[in-house]
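As a plain string of letters, each chain reads:
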Amino acid sequence: MKRLEDLQFDNRFARLGDAFSTGVLPDPIADPRLVVASPAALALLDLDPAESQRPLFTELFSGHQLWATGEPRAMVYSGHQFGVYNPRLGDGRGLLLGEVLNDAGEHWDLHLKGAGETPYSRMGDGRAVLRSAIREFLASEALHALGIPTSRALCVTGSSTPVYRERQETAAMLLRLAPSHVRFGHFEYFYYTRQHEQLETLAGFVLDQHFPACREQPQPVAAMFREVVERTAAMIARWQAYGFCHGVMNTDNMSILGITFDYGPYAFLDAFDAQYVCNHSDDAGRYSFSNQVPIAHWNLAALAQALTPLVELDALRESLALFLPLYQAEYLDLMRRRLGFAGAEDGDEAHLQRLLQLMQGSGVDYSLFFRRLGEQPPAEALARLRDDFVDLAGFDAWGAEHLARSQRDPGPADTRRARMHAVNPRYVLRNYLAQQAIAAAEQGDYDDVRHLHQVLSRPFDEQPGEERYAEPPPDWGRHLEISCSS
Ligand code: AMP
Ligand code: MG
């Protein structure tokens, strides 16, 4: 177990030089305080969990102290926002503090979000508000616990520094961890500015650091793109299976590692609604829940375009064509398990689609449905769930089909419950839960944020005494509009 002073830095991205990032020092926030820290994320850096209690911890992650061997840099990138190309984005309010090399030989980017203005701030103030830092912290650690690939979060620090959004709020910083902060938009930046030499350097860097096996292939960059397609398909399958709506799938928010990245006005579905739009400025519904699948494909095509100077078109097209079938297979596999089936049958996809159609518009809670389906033997569970549906005849027909399908399944009945509970969370990060915790934190009380984080770190376990975190939203929490200002 290490102390903060013992962290070893190896700043590989910084060494790429000024064409890729700009040196910027963090601008500290006033009266810093620790809001919440993730012991599991501390462990990724081999840090003793007690380190988060030291004043130095809060100072380091609020911009007041720096490691002598860190090299804070703002990265340059561009990207397609809501389908429109924006030629210059970049880290407008976040800094890559450096890359920590842990004892397992892994590199972890330390990215401090809300660290002040940079050359890429455009009209922004370089800050993040407490509410958005808490939302990203909770989501990063909750998605990880659900088995959804994601960036991680080490901590949030709060302050008395005023920040102006729709109202006056206070500034906060989030320390994000990821093996890489390279986005699709990094490649787009060098492609559209015709810096093809740098594009090649970037591709080589990402290959060496993150896709070393692709180096062995006859066309390494083509092989890397194929793997990005595979990883993205696997990630989106998990979003769709668990009802996670990202809300801002711009290409600058897509990680080259295929991990969930840059949390904004995200949501987990409460009542199932395929057309749900969680970002209240997304008027056209471009990033609605069901659109996440075609949009991920679209974003991969944007990345493919940026790689055309390096890879044959045919190879890119071939890999792109894999996206939908890969997604479908991963999604169906996970949903089969959520429904309690150990094996696969041809009719499973249609069976699942019929269920989602019955759920649509009926107000049935998406997460609780699956959890409850596993709580009792199929016949009893179906009888209990039936009352929530509007189309009772439709549900009865589905239920009969489900019962017959369950009886044909080879898995022993007594392990069904454990098997289902292992993929059907009892606790999900519902917006109303985040909202309650944020309201308390804005009053200076961080207990609920910390507690919610702990509960969500074991989403599949029964946690006696925590039932209130497993409830569907009360009326006030059903139609929360989450501002995209952050
Ligand atoms: P986001 O919506 O957080 O993914 O950010 C999109 C782009 O806007 C990125 O280039 C951010 O760095 C930049 N940005 C967002 N908020 C701010 C802010 N308050 N100050 C400066 N830049 C920002
Ligand atoms: Mg972003």
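Residues numbered from 1 in each chain as written. Chains lettered and ligands numbered in written order. Predicted model: local features only at pLDDT ≥ 70, side-chain atom pairs only at ≥ 80, totals over all residues. Heavy atoms only, no water.

Our working rule: UniProt positions are given in the numbering used here, feature names are shortened, and annotations may be inferred rather than shown by experiment.
The name given to the protein chain in an unreviewed UniProt entry is Protein nucleotidyltransferase YdiU, with Pseudomonas mangiferae as the source organism. Checking UniProt for the protein chain, the heading Sequence similarities (unreviewed entry) contains the comment "Belongs to the SELO family." Looking at the Function (unreviewed entry) heading of the UniProt record, one finds this comment for the protein chain: "Nucleotidyltransferase involved in the post-translational modification of proteins. It can catalyze the addition of adenosine monophosphate (AMP) or uridine monophosphate (UMP) to a protein, resulting in modifications known as AMPylation and UMPylation."

### Notes on the UniProt feature "binding site: Mg(2+)" (unreviewed entry) in the protein chain
Definition in use: The helix and strand labels rest on DSSP assignments: H or I over at least four residues marks a helix, E over at least two residues marks a strand, and numbering proceeds from the N terminus. Buried residues are those whose accessible area, probed at 1.4 Å on protein chains only, stays under 20% of the maximum for their type, while exposed residues exceed 50% and partly exposed ones sit between those limits. Any two residues whose heavy atoms approach within 4.5 Å are treated as being in contact.
In the numbering adopted here, UniProt assigns the feature "binding site: Mg(2+)" (unreviewed entry) to Asn253 and Asp262. Note that Asn253 resides in the loop between β12 (244-245) and β13 (267-268). Under the relative-accessibility criterion, Asn253 is labelled buried at 10%. Contacts of Asn253, omitting those with residues within four sequence positions, involve Arg183, His246, Val248, Phe261 and Asp262.

### Examining the domain arrangement of the protein chain
Applicable threshold: An automatic or database domain assignment supplies the residue ranges for each domain.
Along its sequence, the protein chain is organised into domain 1 (4-180) and domain 2 (340-421). Just the C-alpha atoms count here: the centres of domain 1 and domain 2 sit 42 Å apart.

### Quick word on the packing of aromatic side chains
Which entries qualify depends on this criterion: Here the aromatic set is Phe, Tyr and Trp, taking the six-membered ring for Trp, and pairing holds for ring centres within 6.5 Å; pairs whose planes are under 30 degrees apart are stacked, those over 60 apart are edge-to-face, and all others are tilted. By the criterion adopted, a ring carries a charge over it if an Arg CZ or a Lys NZ lies within 6 Å of its centre and within 35 degrees of its normal.
Inspection of the entire model under this criterion finds 26 aromatic pairs. Ring centres of Phe13 and Phe205 lie 5.6 Å apart, and the angle between their planes is 80°; this geometry places the pair in the edge-to-face category. Residue Phe13 is found in the loop between β1 (8-9) and β2 (21-23), and its partner Phe205 is found in helix α5 (residues 196-210); the two are separated by 192 residues along the sequence. Here the aromatic rings of Phe272 and Phe289 are separated by 6.3 Å at their centres, their planes lie at 90°, and the arrangement is edge-to-face. Of the two residues, Phe272 sits in the loop between β13 and α7 (292-306) while Phe289 sits in the loop between β13 and α7, which places them 17 residues apart along the sequence. Its relative accessible area of 4% is what places Phe289 among the buried residues. Clustering of aromatic rings is evident, with ring pairs tying together Phe272, Phe289, Tyr366, Phe369, Phe370, Phe389, Phe395 and Trp398. When the ring centre of Tyr266 is taken as reference, the NZ or CZ atom of Arg135 above it lies at 4.1 Å. Positioned over the ring face of Phe341 is Arg405, at 4.0 Å from the centre of the ring.

### As for the environment of Ala296
With respect to the element layout, Ala296 can be found in helix α7. Considering only alpha carbons, one finds Ala296 and Met254, 42 residues apart in sequence, at a separation of 8.7 Å. Not counting residues up to four positions away in its chain, the partners in contact with Ala296 are Thr232, Ile236, Met249 and Phe323.

### Notes on helix α14 (residues 413-421)
Stated formally: Working note: the arc is built from the helix axis to C-beta atom directions.
Residues of α14 that are buried include every one of Arg416, Met420 and His421, and no others. The buried residues of α14 occupy an angular sector of 110° when the element is viewed end-on, so they sit on one face. Set apart from the buried face of α14 by more than 90 degrees, the exposed residues are Asp414 and Ala418. Elements that come into contact with the buried residues of α14 comprise α9 (323-339), α11 (366-375) and α12 (378-385).

### Some thoughts on the UniProt feature "binding site: ATP" (unreviewed entry) in the protein chain
Within this numbering scheme, the UniProt entry marks Gly90, Gly92, Arg93, Lys113, Asp125, Gly126, Arg176, Arg183 and Asp262 as carrying the feature "binding site: ATP" (unreviewed entry). Position of Gly92 among the secondary structure elements: in the loop between β6 (84-86) and β7 (94-101). Owing to a relative accessible area of 16%, Gly92 belongs among the buried residues under this scheme. If sequence neighbours within four positions are ignored, Gly92 has contacts with Gly116, Glu117, Thr118, Tyr120, Ser121 and Gly126. Within the secondary structure, Arg93 sits in the loop between β6 and β7. The class of Arg93 is partly exposed, set by a relative accessible area of 23%. Those residues in contact with Arg93, other than ones at most four positions away along the chain, are Leu112, Lys113, Gly114, Ala115, Gly116, Thr118, Gly126, Arg127, Ala128 and Ser486.

### With respect to the side chain of Thr58
Within the secondary structure, Thr58 sits in helix α2 (residues 55-60). Discounting residues that sit within four places of it in the chain, Thr58 has contacts with Pro32, Arg33, Leu34 and Thr157.

### Quick notes on the pattern of salt bridges
Applicable threshold: Any carboxyl oxygen of Asp or Glu within 4 Å of a side-chain nitrogen of Lys or Arg constitutes a salt bridge here.
All told, the structure shown has 40 salt bridges when counted by the stated rule. The partner of Arg226 in a salt bridge is Glu230, with the nearest N and O atoms 3.4 Å apart. Of this pair, Arg226 and Glu230 both sit in helix α6 (residues 220-242), separated by 4 residues, roughly a single helical turn. Owing to a relative accessible area of 39%, Arg226 belongs among the partly exposed residues under this scheme. Between Asp348 and Arg405 there is a salt bridge, with its nearest N and O atoms 2.7 Å apart. A residue pair is termed long-range when its members are at least 10 positions apart, and Asp348 in helix α10 (residues 348-359) and Arg405 in helix α13 (residues 392-408) qualify at 57 residues. Here Asp348 matches Arg405 in class, with each residue buried. Via salt bridges that share partners, Asp91, Lys113, Glu136, Arg176, Arg183 and Asp262 belong to a single interconnected network.

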